[in-house]
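# Observations on chain architecture
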Amino acid sequence: MNSKTPNPPRRKLHIVTHGCQMNVYDSARMADVLAPLGYAPVDSPAGADMVIMNTCHIRERAADKMFSALGRLRVLKEDTGGKMLIAVTGCVAQAEGEVILKRAPYVDLVVGPQAYHRLPELIAAAHRTNNSVIDTEFPVEQKFDFLPDAAAPQGVIANLTIQEGCDKFCSFCVVPYTRGAESSRPAASILAEARRMVAQGTREIALLGQNVNAYHGAGPDGGVWSLAMLLQELAEIPNLLRLRYTTSHPSDMTDELIMAHRDNPALMPYLHLPVQSGSDKILAAMNRKHTADDFRRIVEKLRNARPDIAFTSDFIIGHPGETEADFQATMALVRETGFALAYSFNYSPRPGTPAAGLPQIPAGEKDARLYALQAELRRQQDAFNASTVGLTTPVLFTGAGRYPGQIAGRSLYAQPVVVEAPAPLTGEIRQVTITHANPNSLLGTINGHSTQETIAA
Ligand code: SAM
Ligand code: SF4
């Protein structure tokens, strides 16, 4: 008997990714799942055998934007004689389901975030029945138990999803409805994936989850592991130089995790901690389960544990009920805390969420407040970047820069850093003296020779 498996036919796969880092990670895993079927990623949808649109439903007009993009894909599908498979995945697929097939019947697959491991069988079913297929179930099995090993190297800095879904039900948020209940991957499978990534050249891992610090996965010792325990074990992996995690909820910021920022040398002094508002009235209306002072106390504890820590955050402006005084409370919290970077959004009513049914703040008011907030956040970001000029800091190099002779890397605060160097130094850390701060990157010069990263404050 010939034990050789015949090579699958070569097929072109184009994936469009919207939204957060978790979608970026999911897109890479979908490419991994489809690689054994012969699908290899291509940069353009024209002439592709399959196009996946991996969608995000967090903010407004996601569905509208998706339908207009689908309209453009329809033309390309016709150019292939109807052979191109079009799949819609991600949170819009989960939320809109059948509606997508009604409005865009040329879509072949609608697949929710919990069903990506089933893509091969769903494609087979679409071919077999010559009909569109939909899978937006929240299955009992964990998709991670069925996804194959990562096929392609993830790069020097890479993401690893460890937790999905959310049970917190903030008034504004679709995640509990589109990603389902909170669930954590077993620690052993995360550690195995991290070791594989490091063997392929990854040196910094960002652990991902919609609520990553709520992580409570089955440990190999039979116990339940917290995020702090998982981070400790990951830090033991040789050549895994840096760790961070995102996105965290303030009320899951345990003392154990705060102390990990003091005790775990691989943990970067950089934390994304969304607060959303500085007004207790609005935080209660948002069902956030923490107050502005709780946030202040957590920031203070973290700064005591790790004095060089920098914070990033998310803000929502114009949640129903927000007055000018509530907005000023947000501005006060921002000024007091000082952020290295922050994302801020106008509140956008998400169908099916509690706040969507409440009286809304006029758009003009929201815009004016958002403008004022963003001006302050921009000022803080510029000040943070400017404060690094003259400092010597460890940079992890990721590859060539944009111009010949330049190489690029990331600081401990995930800032892009560009230097001139004769060799790419990919995957290595060097001490760099920062000479100039641009709005979104830093320039510097390498100091001397290879240096072990020192993280202790
Ligand atoms: N789990 C994180 C937390 O608890 O803060 C947030 C994750 S959420 C997927 C990412 C960000 O999108 C939120 O922090 C929030 O600022 C923003 N967001 C979510 N729903 C929104 C809405 N309806 N309107 C505007 N921004 C929204
Ligand atoms: Fe959404 Fe985060 Fe609230 Fe969960 S904790 S409902 S993901 S904003």
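For the structure itself, look to the data block above.
Residues numbered from 1 in each chain as written. Chains lettered and ligands numbered in written order. Predicted model: local features only at pLDDT ≥ 70, side-chain atom pairs only at ≥ 80, totals over all residues. Heavy atoms only, no water.

### What about the site of ligand 2?
Defined as follows: A molecule or strand has a residue near it when one of that residue's heavy atoms lies within 4 Å. Residue type decides the class: Asp, Glu, Lys and Arg count as charged, Ala, Val, Leu, Ile, Met, Phe, Trp, Tyr, Cys and Pro as nonpolar, and the leftover types, Gly among them, as polar.
Taken together, the residues surrounding ligand 2 are Cys166, Lys168, Phe169, Cys170, Phe172, Cys173, Val175, Pro176, Asn211, His249 and Arg288. Split into classes, the residues belonging to the shell around ligand 2 amount to seven nonpolar, two polar and two charged.

### Let's talk about the nonpolar core
Going by this rule: We define a nonpolar core as any set of buried Ala, Val, Leu, Ile, Met, Phe, Trp, Tyr and Cys residues linked to one another through side-chain atoms lying within 4.5 Å. Throughout, exposure labels follow a simple rule: accessible area from a 1.4 Å probe, protein chains only, divided by the maximum for the residue type, with under 20% read as buried, over 50% as exposed, and the rest as partly exposed. We call two residues contacting when some pair of their heavy atoms lies within 4.5 Å.
In this structure, Leu207, Leu230 and Tyr245 are the most contacted members of the largest nonpolar core, which totals 54 residues. Among all residues touching Leu207, those that are not within four sequence positions of it are Leu160, Ile162, Val212, Leu227, Leu230, Leu231, Leu234, Arg244, Tyr245 and Thr246. Core analysis: the second largest hydrophobic core is formed by 21 residues, Met53, Met66, Leu73 and Tyr106 among them.

### Overview of the sheet that holds strand E20 (residues 429–437)
Our working definition: Pairing between strands is defined by DSSP: at least two bridges between the two strands are required. Counting from the N terminus, the helices are the DSSP runs of H or I reaching at least four residues and the strands are the DSSP runs of E reaching at least two. Note on definitions: angles span 0 to 180 degrees between N-to-C directions of axes, and those axes are lines fitted to C-alpha atoms, for helices only across the stretch in contact.
One closed barrel holds the five strands; their spatial order is E17-E18-E19-E21-E20, and the pairing between them is mixed. Put simply, the sheet's adjacent strands are angled 55° from each other on average, direction ignored. Summarising the sheet, strand E17 (residues 392–400) and E20 pair through five bridges and their orientation is antiparallel. The partner of Leu396 across the bridge, within E20, is Ile429.

### Concerning the site of ligand 1
We count it as follows: In the analysis that follows, any N or O atom pair within 3.5 Å is treated as a polar contact, provided that within protein one partner can donate a hydrogen and the other can accept it, and provided that, for residues neighboring in sequence, both atoms belong to side chains. Accessibility throughout is a Shrake-Rupley quantity obtained with a 1.4 Å probe, and a residue counts as covered only by protein chains that appear here.
Surrounding ligand 1, one finds 17 residues, the nearest of these being Gln210, Gln276, Arg288, Asp314 and Ser348. Between ligand 1 and the protein, one listed contact pairs an oxygen atom with a side-chain N or O atom of Arg288 at 2.9 Å. Within the backbone of Ser348, a nitrogen or oxygen atom sits 2.8 Å from a nitrogen atom of ligand 1. Computed on the free molecule, ligand 1 has an accessible area of 560 Å², of which 90% lies beneath the protein chains in the complex.

### Quick word on the sheet that holds strand E16 (residues 341–346)
In spatial order, the strands read E14-E15-E16; together these three strands make up an open sheet with parallel pairing. Looking along the sheet, the strands with just one partner apiece sit at the ends: strand E14 (270–272) and E16. Here the average twist between neighbouring strands, direction ignored, is 10°. The sheet contact formed by strand E15 (residues 310–317) and E16 spans six bridges and is parallel. Each residue of the ladder has a partner; that of Ser313, found in E16, is Ala342.

### Section: the packing of aromatic side chains
What counts is decided by this rule: Each Phe, Tyr or Trp ring, with Trp reduced to its six-membered ring, pairs with another whose centre is within 6.5 Å; inter-plane angles below 30 degrees give stacked pairs, above 60 give edge-to-face pairs, and intermediate values give tilted ones. Charges are assigned to positions over rings by a cutoff of 6 Å between ring centre and Lys NZ or Arg CZ, combined with an angular limit of 35 degrees from the ring normal.
Following the criterion strictly, the structure yields five aromatic pairs and no others. Taken together, Tyr270, Phe384 and Tyr413 form an aromatic cluster joined through their ring pairs. Between Arg103 and the ring centre of Phe67, over which it is positioned, the NZ or CZ distance is 3.8 Å.

### Some thoughts on the environment of Val275
With respect to the secondary-structure elements, Val275 resides in the loop between E14 and helix H11 (280–285). For Val275, a relative accessible area of 0% corresponds to the buried category. As a C-alpha pair, Val275 and Phe295 span 20 residues in sequence and 7.1 Å in three-dimensional space. In this structure Val275 touches Leu283, Arg288, His290, Phe295, Ser313, Asp314, Phe315 and Leu333, once residues within four positions along its chain are discounted.

On their own, these measurements won't tell you what the molecule is for.
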